[in-house]
Amino acid sequence: PEARIGAITLDRDALALCYDLSNIREASVRKIEGIIGLPLFQTHIVQMDFDTHRIVISLPSTAPKSAWGDSINISYNEAKLPTVIINFGNGISERCIVDTGYDGPLWLSKKLYAKLLDEKQVFAGEEIPISTVNGHGAVRDGIVNHIKIGSIEDDGVLISEGTAESRIGLGY
């Protein structure tokens, strides 16, 4: 059958899953009607307006509009995950995975966190013990002095020390 998101008709051969989202709606106390997968983000222009809690999906041929705000260049890593380059100043930058399911602080790799700490660009918090399926460890929260993503700049950004790869979620 034909499937649509707004005015966009989805590819008939695209992988689609049917799932009862009532438990997710109930647990999140939100009106969740569906989950949009990464392929749609790779093939369309996606505008996220966090102030109005709206997402607008346009065809790739749509001409950009100034009302859209600042665009952010996204590329894809070897695993085909979306990434953005975040500049921290002093020539330090990192390609971070865009994780639309994560809403916490900017998650930095241990290597980047240590480098920013050495450069005195991070105000580090205390170590926080954690347990995962891989064992026990510790991470640190903190605040990074400055970041720049495209033309968007921010100061005093909350961060967490992660593991191997840096991530930025929609919570930022």
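Residues numbered from 1 in each chain as written. Predicted model: local features only at pLDDT ≥ 70, side-chain atom pairs only at ≥ 80, totals over all residues. Heavy atoms only, no water.

(A) Spotlight on the packing of aromatic side chains. Counting across every chain of the model gives one aromatic pair. With 6.3 Å between their ring centres and 75° between their planes, Y102 and W107 make a pair best called edge-to-face. (Phe/Tyr/Trp six-rings, centres within 6.5 Å; stacked < 30°, edge-to-face > 60°.)

(B) The layout of surface pockets, seen in detail. Here the second largest pocket defines a volume of roughly 160 Å³. Lining the second largest pocket we find W107, K110, I130, T132, N134, G135, H136, G137, A138, V139 and T163. Those elements that provide at least two residues to the lining of the second largest pocket are strand 9 (122–132) and strand 10 (135–149). Ranked by residues supplied to the lining of the second largest pocket, first place goes to strand 10 with five residues. (1 Å grid on protein atoms, 1.4 Å probe; cavity = no way out; pocket = protein on both sides within 12 Å on 5 of 7 lines; lining within 4 Å. Points joined across faces, edges and corners; volume = space filled by probe spheres on them. Helix = DSSP H or I, 4+ residues; strand = E, 2+ residues; numbered from the N terminus.)

(C) Examining the pairing of strand 3 (residues 45–49) more closely. Relative to strand 4 (residues 54–58), strand 3 runs antiparallel, the two being bridged by five bridges. Paired with V46 across the strands is I57, a residue of strand 4. Joining the antiparallel neighbours strand 3 and strand 4 is a turn of four residues, in which H53 adopts a positive phi near 60°. (Pairing = 2+ DSSP bridges.)

(D) Up close: the nonpolar core. Membership of the largest hydrophobic core comes to 18 residues, with the highest contact counts inside it found for I86, F88, L106, L116, V144, I147 and I168. Looking at this core, the elements that each hand over two or more residues are strand 6 (82–89), strand 7 (92–99), strand 8 (106–108), helix 3 (110–118), strand 10 and strand 11 (152–161). When near neighbours in sequence (up to four residues on either side) are disregarded, F88 contacts S93, E94, L106, L108, L112, L116, Q121, V144, H146 and I147. (Core = buried A, V, L, I, M, F, W, Y, C linked by side-chain atoms within 4.5 Å. Buried < 20%, exposed > 50% of the residue type's maximum accessible area, 1.4 Å probe, protein only. Contact = heavy atoms within 4.5 Å.)

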